[in-house]
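Each chain is listed here by its residues.
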Amino acid sequence: MSRPGRGGSTYGNTRPELAAGTMTLPARHYTDPELFRAELERIHCDMWVYAGRTEALASAGSYFVRQLANASVIVLRDEGGGLRAFHNVCRHRGTLLCKEEQGTLPSRIQCPYHGWTYGLDGRLMNAPHMEKVEGFEESDYPLGPVAVEEWDGHVFINLSARPEPLAEQLGALQQKFRPWRMQELKLAERRVYHLKANWKLIIQNYSECLHCPIVHPLLQQQSHYMSGDNEAPQPNYLGGRMELREGVETLSMDGSSKRSRLPGLGEEEARHVYYYAILPNLLLNLHPDYMLTHTIWPLAVDRSDVVCEWHFHPDEMRKPAFDPSGPVEFWDMTNRQDWELSDLAQEGISSRGYRPGPYSNREDLLHGFDRFVLDRLAARP
Amino acid sequence: MSRPGRGGSTYGNTRPELAAGTMTLPARHYTDPELFRAELERIHCDMWVYAGRTEALASAGSYFVRQLANASVIVLRDEGGGLRAFHNVCRHRGTLLCKEEQGTLPSRIQCPYHGWTYGLDGRLMNAPHMEKVEGFEESDYPLGPVAVEEWDGHVFINLSARPEPLAEQLGALQQKFRPWRMQELKLAERRVYHLKANWKLIIQNYSECLHCPIVHPLLQQQSHYMSGDNEAPQPNYLGGRMELREGVETLSMDGSSKRSRLPGLGEEEARHVYYYAILPNLLLNLHPDYMLTHTIWPLAVDRSDVVCEWHFHPDEMRKPAFDPSGPVEFWDMTNRQDWELSDLAQEGISSRGYRPGPYSNREDLLHGFDRFVLDRLAARP
Amino acid sequence: MSRPGRGGSTYGNTRPELAAGTMTLPARHYTDPELFRAELERIHCDMWVYAGRTEALASAGSYFVRQLANASVIVLRDEGGGLRAFHNVCRHRGTLLCKEEQGTLPSRIQCPYHGWTYGLDGRLMNAPHMEKVEGFEESDYPLGPVAVEEWDGHVFINLSARPEPLAEQLGALQQKFRPWRMQELKLAERRVYHLKANWKLIIQNYSECLHCPIVHPLLQQQSHYMSGDNEAPQPNYLGGRMELREGVETLSMDGSSKRSRLPGLGEEEARHVYYYAILPNLLLNLHPDYMLTHTIWPLAVDRSDVVCEWHFHPDEMRKPAFDPSGPVEFWDMTNRQDWELSDLAQEGISSRGYRPGPYSNREDLLHGFDRFVLDRLAARP
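Residues numbered from 1 in each chain as written. Chains lettered and ligands numbered in written order. Predicted model: local features only at pLDDT ≥ 70, side-chain atom pairs only at ≥ 80, totals over all residues.

**Student:** Give me the lowdown on the environment of I202 of chain C, citing residues and values where you can.
**Tutor:** Residues and elements named next belong to chain C. Among the secondary structure elements, I202 is positioned in helix α5 (residues 199-206). Under the C-beta neighbour-count criterion, I202 is labelled buried, with 24 such atoms within 10 Å. Here the alpha-carbon distance between I202 and S260, two residues 58 residues apart in the chain, equals 31 Å. In contact with I202, other than residues within four places in its own chain, are L195, A197, I296, S304, V306 and S342. (Helix = DSSP H or I, 4+ residues; strand = E, 2+ residues; numbered from the N terminus. Buried ≥ 20, exposed ≤ 12 C-beta atoms within 10 Å, placed from the backbone. Contact = placed C-beta atoms within 7 Å.)

See below:
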């Protein structure tokens, strides 16, 4: 049996004592559509949110579309090789420009309705029949810009009018995962889950492992649930690392890896799985031989989609015997176990008998997350 | 042709004259979601509501779950043989405890998420990892109690904080049906119907037989629609009895019974069918040889579920030739005829042309029911 | 290649210059359920709306039912040969009277619930068991009347309490299409489309052909998109005519007609297709050999049904070789192209990036329509 890990200066297995009477949030945070909209405004529409991988934007014209709150956003690679993001709405009569979730644009974005045409830099290039309109200038009608930045292969967008730099939001995270060389990894599998649960329940579920021995027996076999060493909660992320038990190489159906360790990792990193909730919508899981990402898309106060993606090193993926099924099936099973509980939590919290309940000291990250939410809601807009 | 029955002191076939201008309710009582929520609070959540039969709670740990308004309630038999009801919500993080509609619990209720464990008496027995939390006492976190009582085999629950005794709500009803020995009867068939109608339309449909010759020709063949003798409307129930025509033994597809009369019944009772709306959600139909119950579950201002159950004497059910299909098919057909009209009433009342209309004197119970609803809404909370 | 048509005094191909800064409507006109309800009240429930054809009301008792806003309306032919319209709601307990969309009534309308019976003139003829109710008079409870009028075979209804004559609403339209003898034409095909778009987007799509070369290549082959000659916007209708290219006989899959020209038409009319949006819900397309009608039924702020019907001359329909498939398939394809764009416009306008955009001069009818909507909303109720 694996012993709980011993934290260095960053990680600690002994949790701080929460103040007496530290409780879960009131029900309205999980049931009130108005409060949900306020959260989207103050959190998702005012922060950098994870949108996808640069791998999907390989060459000029490659794009994907993301829906966040009521925004539809095109993220693309422009002709200078830069990343761009725009509101997916024609400036003429408001038609949605790209209806596919991803694809490749020619060097222009043309509206399917009346043919208004934009460059990949968003500038309006052609607006048929507008030339006779008094005072009309094409330069007045570019696509609505959305901020976009990259971090180690991850693409983030920001809907706010005056976004801070992504680096400020990420803080110490930006350097922490350099050894994994995340930007080199490639997508092998993608699964989408539809939850009947508020987005916060997914992050809360992710941020503690007290439920693991009950809900995830296979995970518990491969990593002891008390081995999780958390960092103290950070302003914009919450996370830590858990220790693989002796003989376990990675989290997979049988605990074996069949792949080389990611090239930049040392012994210490290879004995742990790192779990970070990068607020508000990316759950990043770093294993010795693969990276798992969950992207959380809030749809309604009681409905969320989660996109789960498995990324491996391209050297491994090129091997004829490459087989991601061990990690894929392990996490697909674990995901389904977690989502069922998240749905049950939504149902219970929505019901008349719910009262806020007490957190244990090992739910420190959840309390940190609740404070993050409350602080954001309380901040002046 | 059967003549209208002649009432004794309790029952009367001659209806009182309603006051001039006695009209149906305004449309908003059938269309306004806010008024619907107010009704649920002032009526369903402040009264005893029928939940099921003790038969389903035979031994320690037997339970069923009911959803009423936004409450999910576990009703169970405890280890001392008593009935208990609790909010189906864990006191830790609000997870729904029982997700099946019925079943048998071991001697504990364990939350599927983090394993908080409660006794069948609702006391918190085990809360993992909480022992280090300052000021935490298990005794502070029992399951939320819900009042529960039994009447002749019928289980009622009450969500209000200070419920009056069930006997007070039932009033004279409590003794009226002793001869039927309802607690001895057993369930033979259960059918669930999904209506696009407000819950009140179902009770109103049930409370008059003027529609019977038009809508229910088979019922009309077996009991004349003018034979219904009503009691004067009572505070919490509305009902009466109708006479079986000569040669008709019970209400069934062919009017025959093939079963012994229920053992406690006399001649008078065996010639009638008793119909009582036990407010707010139980429709009780007593036949010479079986008991029919409809339970009405309001889901939205324009949507309700009705659970229809057929109960027979166990002596009859033990016979190899026992066949409930005559009553089952008779009432399934009659139910469908009624629900179609209830749905049409909902559609018409929701439409722009609706104006309250006049009741006839034979719709006295409906007017009594409308007053019950208005009085409840007007009462101080 | 066909040259743009040359307008006479009525029609003009050269469009007036719109004032600088003439823009599309703010998003709330397409997304706010309250504003949608206000539009229905101020526009659809306060004007004559197209309901169907007299052909469907051939003899006494023929009826159809239409749903508009929250009204359900029966339109029928009475025994004197006149048209009548009534709220489809029984005056007793509000039951919907006719549940089929069309049919033939015996000389009475009987409620399916309790048998209250009305004449085809709406008078209450029989109300069972009401005779004993003090003060009850059948004459006090006729069906709620709805105004109905006919124009050249088209039936219009008006839900307002004091409707102006239909002729006033139609204005000059009433005489304009005499040569087509619309009242003689007969229905050959009917298709219903379900759109995820606000009703106004359908009228806006209909009122310009700038999108035709991009979206409707076959239409563009048969009539040049710049050939549309519009009338100046009228108070209650918007329209014009487009020229058929040389060699094109009508709009159909191959541009041929295979039918005689409608008997009343001259050379000039036979070389054009006339397109009129008769506000608020009828799109009338007159071809040399057939009439196409689109009826728009708003269902929600972002949902509409469109009923498309193809009407031909009965002399042609009697011919054994009569085949409407050319026009039917042409317009079914064109409809689908238009509805896809209307749905994309709804999606784009509903999204965060939408801003009102500038109209070109060739979108003059759309601006006229927007003003019609704003004027109606601003008018005192």
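**Student:** A description of the domain arrangement of chain A should follow, citing residues and the corresponding values.
**Tutor:** All names here are of chain A. Looking at chain A, the domain boundaries give domain 1 (28-46 + 173-378) and domain 2 (48-159). Contacts between the two partners involve 15 residues from domain 1 and, on the opposite side, 11 residues from domain 2. Partitioned by chemical class, the residues of the side of domain 1 that touches domain 2 number 9 nonpolar, 5 polar and 1 charged. (Domains from an automatic or database assignment. Nonpolar A, V, L, I, M, F, W, Y, C, P; charged D, E, K, R; others polar.)

**Student:** Describe in detail the relation of the copies chain A and chain B, supporting the description with residues and values.
**Tutor:** Here chain A sits on chain B after a turn of 120° about the axis and a move of 0.1 Å along it, with an RMSD of 0.0 Å. Seen this way, the second copy is the image of the first under a three-fold rotation axis. Looking at the rotation axis and the C-alpha trace of chain A, the residue lying nearest is P33 of chain A, at 9.1 Å. (Least-squares fit on C-alpha atoms with pLDDT ≥ 70 in both.)

**Student:** Explain unusual backbone geometry residue by residue, including any values.
**Tutor:** Of note, the amide linkage connecting L279 of chain B to P280 of chain B takes the cis form, showing an omega dihedral of 5°. By secondary structure assignment, the location of P280 of chain B is in the loop between β14 (272-278) and β15 (282-286). A positive phi angle, close to 65°, is found at K258 of chain B, a residue other than glycine. Relative to the elements of secondary structure, K258 of chain B occurs in the loop between β13 (237-243) and α8 (267-270). Its identity as a non-glycine residue notwithstanding, D152 of chain C has a phi of 50°, on the positive side. Secondary-structure assignment places D152 of chain C in the loop between β9 (145-151) and β10 (154-158). On the basis of neighbour count, D152 of chain C is assigned to the partly exposed category, with 17 C-beta atoms found within 10 Å.

**Student:** Hey, could you go over the interface of chain B and chain C for me, with residue numbers and the actual values?
**Tutor:** Interfaces are frequently sized by the accessible area removed from exposure as the parts join. Chain B puts 25 residues into the contact, and the matching count from chain C is 28 residues. Sort the elements by how many residues they give to the side of chain B that touches chain C and helix α10 (residues 325-349) of chain B lands first, with 6 residues. Taken together, the residues of the side of chain B that touches chain C break down into 10 nonpolar, 10 polar and 5 charged.

**Student:** Please give an account of the packing of helix α2 (residues 33-42) of chain C against helix α11 (residues 364-378) of chain C that cites residues and values.
**Tutor:** Residue and element names in this part refer to chain C. At a minimum axis separation of 9 Å, α2 and α11 run at an interaxial angle of 85°. By the angle between their directions, the pair α2 and α11 is classed as roughly perpendicular. Counted together, A38, E39 and R42 of α2 and V373, R376 and L377 of α11 form the full contact between these two elements. Each residue belonging to the contact of α2 with α11 can be placed in one class, and the counts come to 3 nonpolar, no polar and 3 charged. (Axes fitted to C-alpha atoms, helices over the stretch in contact; angles between N-to-C directions. Parallel < 35°, antiparallel > 145°, perpendicular 65-115°, else oblique.)

**Student:** Describe the sheet that holds strand β7 (residues 117-119) of chain A, with residues and values.
**Tutor:** All names here are of chain A. The strand order across the open sheet built from 3 strands is β6-β7-β8, with neighbouring strands paired in antiparallel fashion. Both edges of this open sheet fall to β6 (108-110) and β8 (124-126), since each of them pairs with a single strand only. When strand polarity is set aside, the average angle formed by the axes of neighbouring strands in this sheet is 35°. Pairing geometry for β6 and β7, over 3 bridges, is antiparallel. What sits directly across from I109, in β7, is Y118. (Pairing = 2+ DSSP bridges.)

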